[in-house]
Amino acid sequence: YLQMVLGILLFLLGGLLLLYKSKAPKWPGPKSLPLIGCIPWINQKKGFNDWVLDPEVTKHRVVQLQFGPIINNLIINDYSMAKDLFAKDELSSRDPTEFIQLHRFERRDVPVGVIFNSGSSWSTQRRFTLKSLREFGFGRKSLEETINVEIDDVIDR
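Residues numbered from 1 in each chain as written. Predicted model: local features only at pLDDT ≥ 70, side-chain atom pairs only at ≥ 80, totals over all residues. Heavy atoms only, no water.

(A) Region of interest: the overall build of the chain. Of the regular secondary structure elements, the chain holds six helices and four strands. Per-residue burial over the chain gives 16% buried out of 157 residues. (Helix = DSSP H or I, 4+ residues; strand = E, 2+ residues; numbered from the N terminus. Buried < 20%, exposed > 50% of the residue type's maximum accessible area, 1.4 Å probe, protein only.)

Structure (structure tokens):
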């Protein structure tokens, strides 16, 4: 009975590895395993986000990182490539997740605000937001000086 269970487990594990190998990444990046991704091979000495400066991630113009069984990310390390890609309309928006659609949309198809918007509606919202923030002093040196004075006051207490 035990041999049959072990045989089935090995068969399933072999099938999982074959399936994983058939989905081999097309981009360079650290090694990854089917269920845990590349987490064991990236630098995490100063915390989880320390991978950003890992040489395995920064040495190529585009790198693929897999975190867990589902999350695949393409990291762009070249400024000119990123600028060219994000200037295209088809790459400048993102599909909202189910959670975001339930909690941040008026209806399932109408986004509200700046963050989850795209297209001409996003441009209008962005223009309005920046104009409003500038009226309150956003981007001015006077605001920076005021913040520094307040921080000094808090530190001295």
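(B) Structural view of the pairing of strand β2 (residues 71-76). Pairing analysis gives six bridges linking strand β1 (residues 62-67) to β2, with the strands arranged antiparallel. Paired with glutamine 66 across the strands is asparagine 72, a residue of β2. What sits between β1 and β2 in their antiparallel hairpin is a turn of three residues, with glycine 68 showing a positive phi close to 80°. (Pairing = 2+ DSSP bridges.)

(C) Examining the pattern of salt bridges more closely. In this structure the tally under the stated criterion is two salt bridges. Note that aspartate 78 and arginine 61 form a salt bridge whose closest N and O atoms lie 3.0 Å from each other. Of this pair, aspartate 78 sits in the loop between β2 and α3 (79-86) while arginine 61 sits in the loop between α2 (55-58) and β1, placing them 17 residues apart in sequence. Here arginine 157 ties to aspartate 153 by a salt bridge, and the two come within 3.2 Å at their closest N and O atoms. For arginine 157, a relative accessible area of 77% puts it in the exposed group. (Salt bridge = Lys/Arg side-chain N within 4 Å of Asp/Glu carboxyl O.)

(D) Main features of the nonpolar core. Within the largest apolar cluster, eight residues are counted, these being Cys38, Ile42, Trp51, Val57, Val63, Leu65, Phe67 and Ile75. At three residues, the largest contribution of residues to this core is made by β1. (Core = buried A, V, L, I, M, F, W, Y, C linked by side-chain atoms within 4.5 Å.)

(E) Layout of the environment of aspartate 89. Among the secondary structure elements, aspartate 89 is positioned in the loop between α3 and α4 (98-104). Each C-alpha atom, one on aspartate 89 and one on glycine 119, is 7.7 Å from the other, the two residues being 30 residues apart in sequence.

(F) Expanded view of helix α5 (residues 119-135). Counted at 1.5 Å a residue, the expected span for α5 with its 17 residues is 24 Å, and the 25 Å between its end C-alpha atoms agrees. Just downstream of α5 lies glycine 137, where phi reads positive at about 105°. (Expected span 1.5 Å × (residues − 1).)

(G) Quick peek at a nonpolar patch on the surface. A cluster of nonpolar side chains, contributed by Tyr1, Leu2, Met4, Val5, Leu6, Ile8, Leu9, Phe11 and Leu12, occupies part of the molecular surface with about 1000 Å² of accessible area. Among the secondary structure elements, isoleucine 8 is positioned in helix α1 (residues 2-22). According to the relative accessible area criterion, isoleucine 8 is partly exposed, its value standing at 46%. (Patch = residues over 30% accessible without salt bridge, like charges linked within 9 Å, V, L, I, M, F, W, Y side chains within 5 Å. Areas by Shrake-Rupley, 256 points an atom, 1.4 Å probe, with all protein chains shown as cover.)

(H) Quick peek at the confidence of the model for the chain. When the pLDDT values of the chain are averaged, the result is 78; 83% of them are 70 or greater. Mean pLDDT in the chain bottoms out at strand β3 (residues 105-107), which sits at 65, and peaks at α3, which reaches 88. (pLDDT = per-residue confidence, 0-100.)

(I) Structural view of the pairing of β1. Counting buried positions along β1 gives six out of six residues, so the element sits mostly inside the fold. In β1, alternate side chains face the same way, and those of Val62, Gln64 and Gln66 on one face and Val63, Leu65 and Phe67 on the other are all buried.

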